[in-house]
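Listed here are the chains, written in short residue letters.
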Amino acid sequence: MRMVAGLWRRCRAGAFALACLLGVAASSAQVAPDAPSAPDSTAAAAARPAASAPEVRIGVLAFMRDDSITMDWRPLLQHLQDTLPGYRFSLQYLDHNGLNQAVESGTIAFLITNPGQYVELESRHGVTRLLTLDHGMQEGSASGAAFGSTVIALRDRADLQQLQDLRNQRLAVVGQEAFAGYQILWGEMARIGMDPAVDTARLIRTGLPMDQVVQAVLDGKADAGVIRTCLLEAHPQWQQQLRVVAPVQLPGFPCASSTRLYPNWPVASLRGTSPELAKQLTASLLGMTVAADQMSWSVPADYQSVHELFRTLEIGPYAYLREPTLMVLAQRYWPWVAGLALLIVLWIVYTVHVEHQVRARTAALQQALDARDALEDKARQAKEQADHMARLSVLGELSSTLAHELNQPLAAIGNYARSLLRRADQQRLTDDAVRTAAGEVASQADRAADIVTRIRSFSRKRSAQSGPVSPVRLAEDAVALFRGMMVHAPTVLVHNRVPDDVLVDADALQIQQVLLNLLKNGLDATRQLEPEHQTLQIALDADARQVQLAVQDDGEPLPAEALHSLFQPFYTTKPDGLGLGLAICRTIAEAHGGRLDARAGDHGRGLRFTLTLPRYLPPPPLAEAPAHDPA
């Protein structure tokens, strides 16, 4: 022990002399237990590069309050500044919380901490270890077995000899997040069936710096305390009053420990740190030697033992394994369990009391829903009946022209048939004549059948059937039906500016009904005008969300008050009109999620009706389940 203490004093004296030669006085590094401290004055010890050089901040876990921290890491800062003059390096001494916050906010580029906190930061924030401290922080350490936990007590406490003796004793620790200051001892006690949070009388959490644990034991506030190995040997004044509980002599390790040893501290880079900068820093630290720099670094150590400890304790990255049993929960939270049980009983009583009322009200609500459904069904049937009657009304108004139109193909069929009979009687019937007449008869018959088929389809009563249809096809079919029922059909010009792939979600028959009604209104408005004013126009336009079908005539303009009343039921400008056509057309448009508007036509003549329908958007494809990554 005396040899170790002497070596420690000589190292500190040598480091202090080096600081004096550099013209920098060693200052005490004060670290607040709950907040990050400002960068230490050790940054001033290094040769200052140009002010324009980028600053590189290195966060260091500060576990002590005296200037030994500064003296321990000063050679590292000096070496980095000498070998990488293109950067301005600074050290920030932080406690556990401060280091976590610095990593989360990205205010540091590298960090040096104990292996326990490194494993947690690696899991949460993806920090990557570059090197492991090979020699430094205490004499004789090695990356394979570097440090552990030491339990200390006053020398006169002869009753504290083994870890089992800590049962029902006050134990001072840095905090449950401290690796050497709590977690290593926790793992050692777990192996003998103890838990310091349960089996000790009280856990006294002092926070960093670690000398507060020692002070709590010296002041009698705690029966024992947990510190990192070799810290007691580094302070001879403490050794006069304190001793190690359950000491374990480890081969090749110069300090007394109460637990097994774990790998030394790593230096790690943050996820956002430049890979080139990390490479340069790694190469620089590998060049440090004990003789020249009082510390050395080696390739990253294997931290599997730390992972196994955390997995055993179910903390850190393995906290998800901590699933307490019902018995443990009942013992720990029995008042809450009793209160919950009482609430369950009250809830059952309340449920039984309310269930009868719920059933009665449910029956009444069901009756109301049935009545509403019946009303909706009647309304739907009435709407279908109104649509059907509107279509029949249009056909009735066009019945005379429809009969004349059907007479034409029927008369042609009769003429060709009689011609064949005369030729047969006169024995002048040839194959060519028969073929010609038969072809004309078939053509006229198809024409008549097509007219009848369209009329039957248009007049058929059926439920609404929506689906994606082409607006151009709707307009063309409506024009063909309109012209097919006319003796002297007016000219209908279709101006299509809609791409072929644009569709609307609509009932084709209902939209044809709207367009046919608008075309017939245009015909009625221009029937008595000159031929040049009898032309009807249909314009199709589309944008990203809607399709517009505009029907315009060239008739006489309407007064403003008549224009505002066009869509009111039973309002009509025709002597024999019912005033329902446009009202039904607007209802059909609104049922499709669109609208039907009217305004004065272009050049001050006629009317322009615009039917707006939403575009059909196919449903997005189902997202494929992400492939399982075995890594």
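The rules behind each value
Residues numbered from 1 in each chain as written. Predicted model: local features only at pLDDT ≥ 70, side-chain atom pairs only at ≥ 80, totals over all residues. Heavy atoms only, no water. Helix = DSSP H or I, 4+ residues; strand = E, 2+ residues; numbered from the N terminus. Areas by Shrake-Rupley, 256 points an atom, 1.4 Å probe, with all protein chains shown as cover. Core = buried A, V, L, I, M, F, W, Y, C linked by side-chain atoms within 4.5 Å. Buried < 20%, exposed > 50% of the residue type's maximum accessible area, 1.4 Å probe, protein only. Pairing = 2+ DSSP bridges. Axes fitted to C-alpha atoms, helices over the stretch in contact; angles between N-to-C directions. Contact = heavy atoms within 4.5 Å. pLDDT = per-residue confidence, 0-100. Parallel < 35°, antiparallel > 145°, perpendicular 65-115°, else oblique. Nonpolar A, V, L, I, M, F, W, Y, C, P; charged D, E, K, R; others polar. Left-handed = near helix turned anticlockwise from the far one by under 90°. Salt bridge = Lys/Arg side-chain N within 4 Å of Asp/Glu carboxyl O.

Student: Before we move on, could you go through the overall build of the protein chain and cite the residues and values that matter?
Tutor: For the protein chain, the helix and strand inventory stands at 19 helices and 18 strands. Total accessible area on the protein chain is roughly 33,000 Å²; 56% of this is exposed by carbon and sulfur atoms.

Student: Got a sec to walk through the nonpolar core? Specific residues and values, please.
Tutor: Most often, soluble globular proteins keep nonpolar side chains buried together rather than apart. Core analysis: the largest hydrophobic core is formed by 93 residues, its most contacted members being W73, L76 and W297. In terms of residue count, the dominant contributor to this core is helix α5 (residues 179-190) (7 residues). By size, the runner-up hydrophobic cluster in this structure holds 38 residues, among which are V469, L519, V547 and F609.

Student: Kindly report on the sheet that holds strand β16 (residues 546-552), identifying the contributing residues and their values.
Tutor: The strand order across the open sheet built from 5 strands is β13-β15-β16-β18-β17, with neighbouring strands paired in mixed fashion. Each end of this open sheet is capped by a strand with a single partner; those strands are β13 (492-496) and β17 (595-600). Strand-to-strand twist in this sheet, taken as the mean axis angle between neighbours without regard to direction, amounts to 15°. Bridging between β17 and strand β18 (residues 607-614) involves 6 bridges; their strand directions are antiparallel. Each bridged residue has a counterpart across the sheet, and for A598 the counterpart in β18 is F609. This element, helix α19 (residues 581-591), spans β17 and β18 of the sheet and lies at about 130° to β17.

Student: So, the environment of V434: which residues are in play, and what are the values?
Tutor: For V434, the location among the structural elements is in helix α15 (residues 431-459). Separated by 18 residues in the primary sequence, V434 and Y416 have C-alpha atoms spaced 9.5 Å apart. Every residue in contact with V434, bar those within four places of it in the chain, is listed here: L420 and L429.

Student: Describe the pairing of strand β8 (residues 224-228), listing the residues and the values that go with them.
Tutor: In regular strands, side chains alternate between the two faces of the sheet. Counting buried positions along β8 gives 5 out of 5 residues, so the element sits mostly inside the fold. Here β8 shows a buried face lined by A224, V226 and R228 and a second buried face lined by G225 and I227. Where strand β5 (residues 149-154) lies against β8, 4 bridges are found, and the strand directions are antiparallel. Bridging across to β8, T150 finds its partner in I227. In this structure, strand β6 (residues 170-173) lies alongside β8, joined through 2 bridges in parallel fashion. Each bridged residue has a counterpart across the sheet, and for A172 the counterpart in β8 is G225.

Student: I'd like a description of the sheet that holds β8, backed by residues and values.
Tutor: Here we have 5 strands laid out as an open sheet, ordered β7-β6-β8-β5-β9, and mixed in their pairing. Since the sheet does not close on itself, it has two edges, and those belong to β7 (202-205) and β9 (242-245), each with one partner. When the angles between neighbouring strand axes are averaged without regard to direction, this sheet yields 35°. Relative to β7, β6 is paired through 4 bridges, and the arrangement is parallel. The partner of R170 across the bridge, within β7, is R202. Running at roughly 110° to β8, α5 makes contact with β5, β6, β7 and β8 of the sheet. Docked against the sheet, helix α7 (residues 211-218) engages β5, β6, β8 and β9, running at close to 155° with respect to β8.

Student: Explain the confidence of the model for the protein chain to me, and be specific about the residues and the numbers.
Tutor: Within the protein chain, residue pLDDT values average 80, and 77% of them lie at 70 or more. Note that pLDDT drops below 50 for residues 1-47; the model gives that stretch 86 contacts with residues more than four away or on any other chain. Contacts of residues 138-144 to residues separated by more than four positions or lying in other chains number 25 contacts, the stretch itself having pLDDT below 50.

Student: An account of the packing of helix α4 (residues 115-125) against helix α11 (residues 304-313) is requested, with residue identities and associated values reported.
Tutor: One can describe the packing of α4 onto α11 by two numbers: an axis separation of 10 Å at closest approach and a directional angle of 80°. Considered as vectors, α4 and α11 are oriented roughly perpendicular to each other. Only V306, H307 and F310 of α11 make contact with α4, whose side of the interface consists of P115, G116, V119, E120 and E122. A per-class count over the contact of α4 with α11 returns 4 nonpolar, 2 polar and 2 charged.

Student: Requested: an account of the environment of V514, with residues and values cited.
Tutor: Summarising the element assignment, V514 is placed in helix α17 (residues 508-526). Since its relative accessible area comes to 0%, V514 is described here as buried. As for V514 and L596, which are separated by 82 residues in sequence, their C-alpha atoms are 9.5 Å apart. Among all residues touching V514, those that are not within four sequence positions of it are C585, I588 and L611.

Student: Describe unusual backbone geometry, and please don't skip the residues or the numbers.
Tutor: Trans peptide bonds make up most of the peptide bonds, and negative phi angles are found at most residues other than glycine. Cis rather than trans, the peptide bond between L208 and P209 has omega equal to 5°. Along the polypeptide, P209 turns up in the loop between β7 and α7. Even without a glycine there, the phi angle at N168 is positive, about 65°. In this fold, N168 is placed in the loop between β5 and β6.

Student: Before we move on, can you summarise the packing of α17 against α19 with the specific residues and values?
Tutor: As a packed pair, α17 and α19 sit with axes 10 Å apart at the nearest point and diverge in direction by 145°. In this structure, the crossing between α17 and α19 has a hand that is left-handed. Contacts from Q510, Q513, V514, N517, L518 and N521 of α17 reach α19 at G581, L582, I584, C585 and I588. Considering only residue class, the contact of α17 with α19 consists of 6 nonpolar, 5 polar and no charged.

Student: For the pattern of salt bridges, give the residues involved together with the corresponding values.
Tutor: Following the criterion strictly, the structure yields 21 salt bridges and no others. Residues R129 and E122 are paired through a salt bridge, measuring 3.9 Å at the closest nitrogen-oxygen approach. For R129, a relative accessible area of 26% gives the class partly exposed. Between R191 and E188 there is a salt bridge, with the nearest N and O atoms lying 3.4 Å from each other. Residue R191 is classed as partly exposed on the basis of its relative accessible area of 43%. E188 sits in the buried class, given a relative accessible area of 13%. Ionic contacts of the salt-bridge type, sharing partners, join the residues R157, D159, R170 and D223 into one network.

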